[in-house]
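# Examination of the molecular architecture
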Amino acid sequence: MALAVVKSLGLGGIRGYGVSVECDVSKGMPHFDIVGLPDAAVKEARERVRAAMRASGFSFPINQITVNLAPADTKKNGTIYDLPLLLGILAGAEYIAPIAETAAFVGELSLSGDVRPVTGTISMALAAERLGITDLYVPADNAVEASFAQGVNVYPVDNVGNLLMHLRGLERIEPLAPADFSAYAREQAPGRDFASVKGQENVKRALEIAVAGGHNILMCGPPGTGKSMLASGLPSIFPDMSRDEALEATEIHSIAGETSSLRPIITARPFRTPHHTISQAGLAGGGTIPRPGEISLAHNGVLFLDELPEFSRATLEILRQPLEDGSVTISRASGSLTYPSRFMLVCAMN
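From a predicted model like this one, the values you see are computed outputs, not experimental measurements.

### Points about the nonpolar core
- With 68 residues, the main nonpolar core has Leu-9, Val-67, Leu-86, Leu-87 and Phe-105 as its most contacted residues.
- Looking at this core, the element that brings in the most residues is helix 3 (residues 82–92), giving 7 residues.
- Ile-295, Leu-303, Leu-308 and Ile-318 belong to the second-largest nonpolar core, a separate cluster that totals 21 residues.

### Section: the environment of Pro-222
- Residue placement: Pro-222 occurs in the loop between strand 10 (217–220) and helix 9 (227–232).
- You can call Pro-222 exposed: its relative accessible area is 52%.
- C-alpha of Pro-222 to C-alpha of Met-349: the two residues are 127 residues apart in sequence and 8.1 Å apart in space.
- Pro-222 has contacts with Lys-227 and Asn-350, leaving out every residue within four places of it along the chain.

### Here we look at the pattern of salt bridges
- All told, the structure shown has 10 salt bridges when counted by the stated rule.
- A salt bridge links Glu-201 to Lys-204; its shortest N-O distance comes to 3.4 Å. Note that Glu-201 and Lys-204 are positioned in helix 8 (residues 201–213) at a spacing of 3 residues, about one turn of the helix.
- A relative accessible area of 10% means that Lys-204 is categorised as buried.
- Here Arg-320 and Glu-317 are joined by a salt bridge, their closest N and O atoms 2.6 Å apart.

### With respect to the environment of Ile-80
- Mapped onto the elements of the fold, Ile-80 is located in the loop between strand 4 (64–70) and helix 3.
- Spatially, the C-alpha atom of Ile-80 lies 8.7 Å from that of Leu-109, the residues being 29 residues apart in sequence.

### What to know about the packing of helix 2 (residues 45–55) against helix 3
- Taken N-terminus to C-terminus, the directions of helix 2 and helix 3 make an angle of 60°; their axes are 10 Å apart at the nearest point. Overall, the two elements helix 2 and helix 3 adopt an arrangement that is oblique. Considering how the two elements wind past one another, helix 2 and helix 3 form a crossing that is right-handed. Residues Ala-45, Arg-48, Val-49, Ala-52 and Met-53 of helix 2 touch helix 3, and the partners they reach there are Asp-82, Leu-85, Leu-86, Ile-89 and Leu-90.
- Of the residues that constitute the contact of helix 2 with helix 3, the class distribution is 8 nonpolar, no polar and 2 charged.

### A word on unusual backbone geometry
- Here Ala-70 and Pro-71 are connected by a cis peptide whose omega angle stands at 5°.
- Within the secondary structure layout, Pro-71 lies in the loop between strand 4 and helix 3.
- Positive phi, close to 65°, is recorded for Glu-94, a residue that is not glycine.
- Located in the positive-phi region is Glu-307, a residue other than glycine, with phi close to 55°.
- Following the sequence through the fold, Glu-307 ends up in the loop between strand 14 (302–305) and helix 13 (313–317).
- The exposure class of Glu-307 is partly exposed, given its relative accessible area of 31%.

### Some thoughts on the packing of helix 3 against helix 6 (residues 160–167)
- Interaxial distance between helix 3 and helix 6 falls to 12 Å at its minimum, and their mutual angle equals 50°. When the axes of helix 3 and helix 6 are compared, the pair comes out oblique. When you trace helix 3 past helix 6, the crossing you get is right-handed. Counting all contacts with helix 3, which are made through Leu-83, Leu-86, Leu-87 and Leu-90, the residues of helix 6 involved are Val-160, Leu-163, Leu-164 and Leu-167.
- Among the residues making up the contact of helix 3 with helix 6, the classes are represented as 8 nonpolar, no polar and no charged.

### Describing the side chain of Thr-259
- Note on placement: Thr-259 falls in the loop between helix 10 (243–255) and strand 11 (271–272).
- In terms of polar contacts, Thr-259 uses its side chain to reach the side chain of Glu-145, at 3.0 Å.
- Non-local contacts of Thr-259, meaning those with residues more than four positions away in its chain, are made with Glu-145, Thr-250, His-253, Ser-254 and Pro-264.

### Overview of helix 4 (residues 121–131)
- Of all the 11 residues making up helix 4, 8 are buried; the element is thus mostly covered by neighbouring parts of the structure.
- Among the residues of helix 4, Thr-121, Ile-122, Ser-123, Met-124, Ala-125, Leu-126, Ala-127 and Ala-128 are the ones counted as buried.
- Elements that come into contact with the buried residues of helix 4 comprise strand 1 (3–12), strand 2 (15–26), strand 8 (135–139), helix 5 (143–146) and helix 10.
- Phi turns positive, to about 80°, at Gly-132, one or two residues after helix 4.

### A word on the state of the cysteines
- This structure, assessed with the given rule, holds 0 disulfides.
- Free of any disulfide, Cys-220 has its nearest cysteine sulfur in Cys-347, 9.5 Å distant.
- Residue Cys-220 is classed as exposed on the basis of its relative accessible area, which comes to 55%.
- When its relative accessible area of 7% is taken as the criterion, Cys-347 is described as buried.

Procedures and definitions
Numbers given to residues run from 1 along each chain, matching the order in which its sequence is written. The model is predicted, so local features are restricted to residues of pLDDT at least 70 and side-chain atom pairs to those at 80 or more, both for listing and for counting; the totals for chains, interfaces and linings are taken over all residues. No hydrogens and no water enter the side-chain calculation; it runs on all heavy atoms of the structure. We call a set of buried residues a nonpolar core when its members are Ala, Val, Leu, Ile, Met, Phe, Trp, Tyr or Cys and they connect through side-chain atoms within 4.5 Å of each other. Buried residues are those whose accessible area, probed at 1.4 Å on protein chains only, stays under 20% of the maximum for their type, while exposed residues exceed 50% and partly exposed ones sit between those limits. Labels follow the DSSP assignment, with helices taken as runs of H or I lasting at least four residues and strands as runs of E lasting at least two, numbered in each case from the N terminus. Here a residue-residue contact requires only that any non-hydrogen atoms of the pair lie within 4.5 Å. Salt-bridge detection follows one rule: a side-chain nitrogen of Lys or Arg within 4 Å of a carboxyl oxygen of Asp or Glu. The angle between two axes is taken between their N-to-C directions and runs from 0 to 180 degrees, where each axis is a line fitted to C-alpha atoms and a helix contributes only its stretch in contact. When an angle is under 35 degrees it counts as roughly parallel; over 145 it counts as roughly antiparallel; between 65 and 115 it counts as roughly perpendicular; any other value is oblique. Note: crossing handedness is left-handed where the near helix turns anticlockwise from the far helix by less than a right angle, and right-handed where it turns clockwise. When residues are grouped by polarity, Ala, Val, Leu, Ile, Met, Phe, Trp, Tyr, Cys and Pro land in nonpolar, Asp, Glu, Lys and Arg in charged, and all others, Gly among them, in polar. Polar contact criterion, stated in full: a pair of N or O atoms within 3.5 Å, where within protein one must be able to donate a hydrogen and the other to accept it, and residues adjacent in sequence count only if both atoms are side-chain atoms. Cysteine sulfurs are considered disulfide-paired once they come within 2.5 Å of each other.

Shown next, in the form of structure tokens:
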């Protein structure tokens, strides 16, 4: 029995940071405790790890097990630590060899040992790149998203059994080739083409000037004159997003759970159209675990507020600081998170 350390990653806003999962398996009364400011989802990992370990052919150690998630003064959220927890316990119980310090693991476990996708993978992959981690093991559904980070070998993991075979050198998991940003940029074309709008030449000219100069704009006119249609075509006349812009937008959408294996990166300009009944937290972001709101999801794109007078005054007041600073800060008792929010504000009213 020994102390084992497995590298993992965490999320603070849209920025990832390194986490060390320290597992001490020692003699004593059977006990399994997780420390390091874990939330309820992290504490529940104990039961997922037990079941996944049994499903993978290992008996759970009848020992005193203490797991520390370092840095211990930072709140740990979500299910991303399931996989490194299991590997740390296996290594601490000497079922497997110690894990290399240049490898990091993230992923949620099912009771059968399958590895399920998590949110924020691109942010964690970019953090791994900064931290000098060479091998990153992520759920298979998140692998393409993570492969946009440079200098990191991304290994897609389907289940614990395959991963353990790979770590023992019995059955290799092939890393993904670095993703081709230009190929995905060609695939994601804007929805509505601005050139398909007929008439309204003076309005189109005003919108073109607003886009070129980075200005916000308000359209007033009777119903049925094409205000919403004109606004929805705006992303098609923006310049294409650069790789850095696309990665920043993808980080925000990934944390919000809006990326998938079919859409691993955001290359088209976001176009967000919240309903006028949206709450203040829905617009600015928030929640028990702060998530980005519509103004952050519109980062590097367009935020369209249709029927502007229907929005409450308190909701509209929230836009003041993000429009001036290009970011929004969400403060909670556990700390503050800052999300970028540089967008073009387009409003319409009768």
